[in-house]
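# Observations on the three-dimensional arrangement
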2 protein chains.
Amino acid sequence: MHEQYGQDQHPLRDAGRARCLPRALTSEAGAFAGRTARLQGWVHRIRRIGVVTFVLLRDRSGLIQLVVDAAGPAAATAAVAGLNVEDVIEVTGIVNADARAKGGYEVLVETIVVLSAAAALPFEVNLPQLKVGQDLALDHRVLSLRHPRSQAIFRLKAAIIKAFRDFSGAEGFIEVQTPKIVATATEGGANLFPVDYLGRRAYLAQSPQLYKQMLVLSGFERVYEVGPVYRAEPHNTSRHVNEFTSLDWEIGFIDSAAEVMALEETMLRQLVARLSTDHAADLAAIGVELAARLPERPIPRLTLGEAHALLQRRRAKELPPGDLDPEGERLLCELVAGPVFVTAWPAKVRPAYAQPCEDAPHLTDSFDLLLGGMEVTTGGRRISDHGALRASLENRGLDPGAFDFYLDAFRYGAPPHGGLAIGAERLTVALLGLSNLREATFFPRDLDRLTP
Amino acid sequence: MHEQYGQDQHPLRDAGRARCLPRALTSEAGAFAGRTARLQGWVHRIRRIGVVTFVLLRDRSGLIQLVVDAAGPAAATAAVAGLNVEDVIEVTGIVNADARAKGGYEVLVETIVVLSAAAALPFEVNLPQLKVGQDLALDHRVLSLRHPRSQAIFRLKAAIIKAFRDFSGAEGFIEVQTPKIVATATEGGANLFPVDYLGRRAYLAQSPQLYKQMLVLSGFERVYEVGPVYRAEPHNTSRHVNEFTSLDWEIGFIDSAAEVMALEETMLRQLVARLSTDHAADLAAIGVELAARLPERPIPRLTLGEAHALLQRRRAKELPPGDLDPEGERLLCELVAGPVFVTAWPAKVRPAYAQPCEDAPHLTDSFDLLLGGMEVTTGGRRISDHGALRASLENRGLDPGAFDFYLDAFRYGAPPHGGLAIGAERLTVALLGLSNLREATFFPRDLDRLTP
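Once that is clear, we can look at the overall build of chain A. Scanning chain A from terminus to terminus reveals 13 helices and 17 strands. Each of the three principal axes of chain A carries a C-alpha extent, and together these read 85 × 55 × 40 Å. Counting every position in chain A, which comprises 452 residues, the buried fraction comes to 52%. In chain A, once contacts between residues fewer than 6 apart in sequence are set aside, the share between residues at least 24 apart is 65%.

Following this line, the structure appears as structure tokens:
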């Protein structure tokens, strides 16, 4: 009905607003029982039954039922007649306890003002499951994100990142920011996005690796970062996006990758315990039993060689030599019925900074954590000796001169160190049992998608 | 002495380490009084007095004095003879309370192992003030960051960011991540870093502006982000770097910039109170009286017109029409003896998304916060009406088609909203009274500097 008006000219716009009352969230309605509250939000659903209209109002805290009775104020009755789903409205009304209503309260509407009218939607957002293809959902990201399941996923993602940060802070880590515009590849020369840096060729950082190591060497010892990283991979899979959030640790004065694994395991257990306690409603909304994702027994540790043998024996799985493939990762988690650390990766599949094992120098003291059938973490001990690091770069055909800014740092007292990088979106997807990284990415960047 | 050896061959390397004892931080020494502790860190200073050598050991928690007596273990005496400043060492020894020692404890060394020997330093890092030019300090960033003043600055920066996050969380904001690779300019077409995105032209985001607004419209209502932003400005000043950390808010269901200012002021007061309480030692190390930076009276609010009049009357200051310049910002903070909100900026100096004032449409309902003589925040109410936003883009000669992904979001129910962006490095510099953004940036990116 209101589409006959431009949004500026909508007759209800800004008329009759009750600004003297503070806004109440739908979740706070109980505090206003028997009194007038002012609420704001989106129209989630409209049911017209005889002379009564029931409107489900949605805000960031949840849903509440509004009741507009034809026997009520004439202005409210008129306004509700023109209402559409996803209109943004402001209402005032008496809050009544009502056991039949969602949340236990409903609002008998006195005034209703449309703050912003919604055009016809490309798809419904108020269904129990969003029934829309991935492309349309991402094209209209602002609509697909409104779905309660999406809202819960991103609240949980934020809680996962917060748990990582809080644990890090409690363990003596300092939060750092490393540059994302860099002059050299950190993880090898491929898959870099070139940047024109004021006329000079630069790249987007594939990881904070070199810089977080330098910050350990700067005396901060234990650093963490939560920030974007970039991979110019022409993949189009459910487990790749080209820009993602990396949760990074780098830790001085450790002597083995095992110490990093132990700390990660402790962090993950605390994270899972905290989410289970503090975010039970969101977990229930997604239907995930978080404790089942991380069984109570210690996470098993297999060398890559043991993992290969197990997969060959139990699943007759052929694997790329000295590596795992996505199917191998999935099968391995299946075989151990949970997450698994895979250790002792060959030097040839790890970057130049990986510390060789003392007793087997073709292997590195490094690990991946597989969780939910997918690599979510890569970590290990790093080379901290200047000469050995330089030699490792040269052995890979890299020009040590391009790494002078990094190598130089190892000449002035470099403690033994190691660390890890966790993909925040992968961790979210693995813990929540989602099927695609894009479900845990606000605005994905991939082969096809540069907007929104 | 040890420079005759390659670092790999250093005779002390890895010999005789006492790994069964857990590492104690220097700050934890008191807990080991009368017992043996294992400590690790950098050699901060060496004094040789007769047969006794005093070594100041530095780790992330502070300093402690090590005492090596010629009457002690022969291996320790031999090791300490070859010690240089900034060597990374591990020592074991008995912790003794000693009122004369820094921190009240010293360690009578039993074993000492050099984990990593330091080459001759390009400058001293153990002086009370670092005596080195900016370029050399940044070239050897890993060394200049080791100075206790730098360590304190970055601990305080981390605390500032944490206070922003904690306040935001308590106020119902959700943390978000927006893409830094974008297809269009957010703040106007100039000063963009081009990115080659898999063969397509893209840019680094100047701000999360369009995306954080879209996330408000996505139903999250209140979003915050801590992330990098990019300005390809060919400036070389103490107040510009080309990559910095932006603390962003975007807030739905607000009706004026005044609400954003009020929330920022509350946040800043809590931040200052928390730093003063929890980080007193670091503040003292830098010599800053934080409370003085944010007087207890409310932050004054001046329109830009009033600010101009004041500066002309009291300082005979000529200003660019409808704007402030750096000297104007400095003088204005001087005149009001503290921070000041400057409001009602002309539409022509603000971006297309700025909401015009109802009673004066050539002005916008927007603000800057000047603190420490410098703009640290820009904020305001945004246009939330689809038609008005489209018209505003067109009025500036922008192609609305390039903004379809953004404009489209305003067609499906867009609440009134506003927000702000705080430069984290500028806020740190302003609160701590530093003289250059580079002092609060781990690895600055500027006109000249792309490494380290």
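Structure shown, so let's carry the discussion forward.
Residues and elements named next belong to chain B. Inspection of helix H11 (residues 386-395) places His386, Leu389, Ser392 and Leu393 among the buried residues, and these make up the whole buried set. Down the axis of H11, the smallest arc covering the buried residues is 130 degrees, so these residues share one side. In H11, the exposed positions that point more than 90 degrees away from the buried face belong to Glu394 and Asn395. Residues of H11 that are buried sit in contact with helix H12 (404-407). Positive phi shows up at glycine 397, right after H11, with a value of about 75 degrees.

Take the relation of the copies chain B and chain A next. Turning one copy of the chain about an axis and sliding it along that axis gives the other copy, so a rotation and a shift relate them. Expressed as a screw operation, the relation of chain B to chain A combines 0.0 Å of axial shift with a rotation of 180 degrees, fitting to an RMSD of 0.0 Å. Within this description, the copies of the chain are treated as partners about a two-fold rotation axis. Rotation axis and chain B: the residue whose C-alpha lies nearest the axis is valine 195 of chain B, separated from it by 2.3 Å. By residue overlap, the copies meet face to face through one surface: 100% of the interface positions of chain B are interface positions in chain A.

Within a sheet, neighbouring strands are paired by backbone hydrogen bonds and run either parallel or antiparallel to one another. Residue and element names in this part refer to chain A. An order of S7-S11-S12-S17-S16-S15-S14-S13 is seen for the eight strands of this open sheet, with the pairing classed as mixed. Because the sheet does not close on itself, it has two edges, and the strands there are strand S7 (174-175) and strand S13 (301-303). Where strand S12 (residues 243-252) and strand S17 (residues 417-423) come together, seven bridges link them in antiparallel fashion. Following the sheet pairing, glutamate 250 is matched in S17 by glycine 419. Across the sheet, helix H9 (residues 304-315) touches S13 and strand S14 (340-343), and the angle it forms with S13 is around 90 degrees.

Next up on the list: the sheet that holds strand S1 (residues 36-49) of chain B. Residue and element names in this part refer to chain B. Read around the closed barrel, the five strands follow the order S1-S2-S3-S5-S4; overall the barrel is mixed. Strand-to-strand twist of the sheet, defined as the mean angle between neighbouring strand axes without regard to direction, takes the value 55 degrees. Along the sheet face, helix H1 (residues 74-81) touches strand S2 (52-59), strand S3 (62-69) and strand S5 (105-116) and points at about 65 degrees away from the line of S5.

Here we take up the nonpolar core. Residues Ile160 and Val195 of chain A together with Ile160 and Val195 of chain B are the most contacted members of the largest nonpolar core, which totals 269 residues. The contact partners of isoleucine 160 of chain B, leaving out residues within four places of it in the chain, are Leu271, Leu275, Ala424, Leu427, Thr428 and Leu431 of chain B.

Take the pairing of strand S16 (residues 417-423) of chain B next. All names here are of chain B. Of all seven residues that make up S16, seven are buried, and the element is covered over most of its length. Going residue by residue along S16, you find His417, Gly419, Ala421 and Gly423 tucked away on one face and Gly418, Leu420 and Ile422 tucked away on the opposite face as well. Inspection of the sheet shows strand S15 (residues 374-381) paired to S16 by five bridges, in the antiparallel sense. Of the residues in S16, the one forming a bridge with threonine 377 is isoleucine 422.

Moving on: the domain arrangement of chain A. In many reports, interface size means the accessible area that the parts give up when they come together. Along its sequence, chain A is organised into domain 1 (2-116) and domain 2 (143-440). When each unit is reduced to the centre of its C-alpha atoms, the spacing between domain 1 of chain A and domain 2 of chain A is 47 Å.

Moving on, we come to the confidence of the model for chain A. On average, residues of chain A score 93 in pLDDT, and 95% of them are at 70 or above. pLDDT under 50 marks residues 1-15 of chain A. Its contacts with residues more than four places away, or in other chains, come to 25 contacts.

A few words now on the environment of leucine 393 of chain B. Residue and element names in this part refer to chain B. Examined against the element boundaries, leucine 393 turns out to sit in helix H11. For the pair leucine 393 and leucine 369, spaced 24 residues apart in the sequence, the C-alpha separation amounts to 25 Å. Setting aside residues up to four positions removed in sequence, leucine 393 forms contacts with Ala352, Leu398, Pro400 and Phe403.

All names here are of chain A. At a minimum axis distance of 10 Å, the contact between H9 and helix H10 (residues 326-336) shows a crossing angle of 80 degrees. In terms of orientation, H9 and H10 fall into the roughly perpendicular class. Contact with H9, carried on its side by Ala307, Leu310, Leu311, Arg314 and Arg315, involves Gly328, Leu331, Leu332 and Leu335 of H10 and no other residues of that element. A class-by-class count of the residues in the contact of H9 with H10 yields six nonpolar, one polar and two charged.

Cut-off values and rules
Residues numbered from 1 in each chain as written. Chains lettered and ligands numbered in written order. Predicted model: local features only at pLDDT ≥ 70, side-chain atom pairs only at ≥ 80, totals over all residues. Helix = DSSP H or I, 4+ residues; strand = E, 2+ residues; numbered from the N terminus. Buried ≥ 20, exposed ≤ 12 C-beta atoms within 10 Å, placed from the backbone. Contact = placed C-beta atoms within 7 Å. Arc of directions from axis to C-beta. Least-squares fit on C-alpha atoms with pLDDT ≥ 70 in both. Pairing = 2+ DSSP bridges. Axes fitted to C-alpha atoms, helices over the stretch in contact; angles between N-to-C directions. Core = buried A, V, L, I, M, F, W, Y, C linked by C-beta atoms within 7 Å. Domains from an automatic or database assignment. pLDDT = per-residue confidence, 0-100. Parallel < 35°, antiparallel > 145°, perpendicular 65-115°, else oblique. Nonpolar A, V, L, I, M, F, W, Y, C, P; charged D, E, K, R; others polar.

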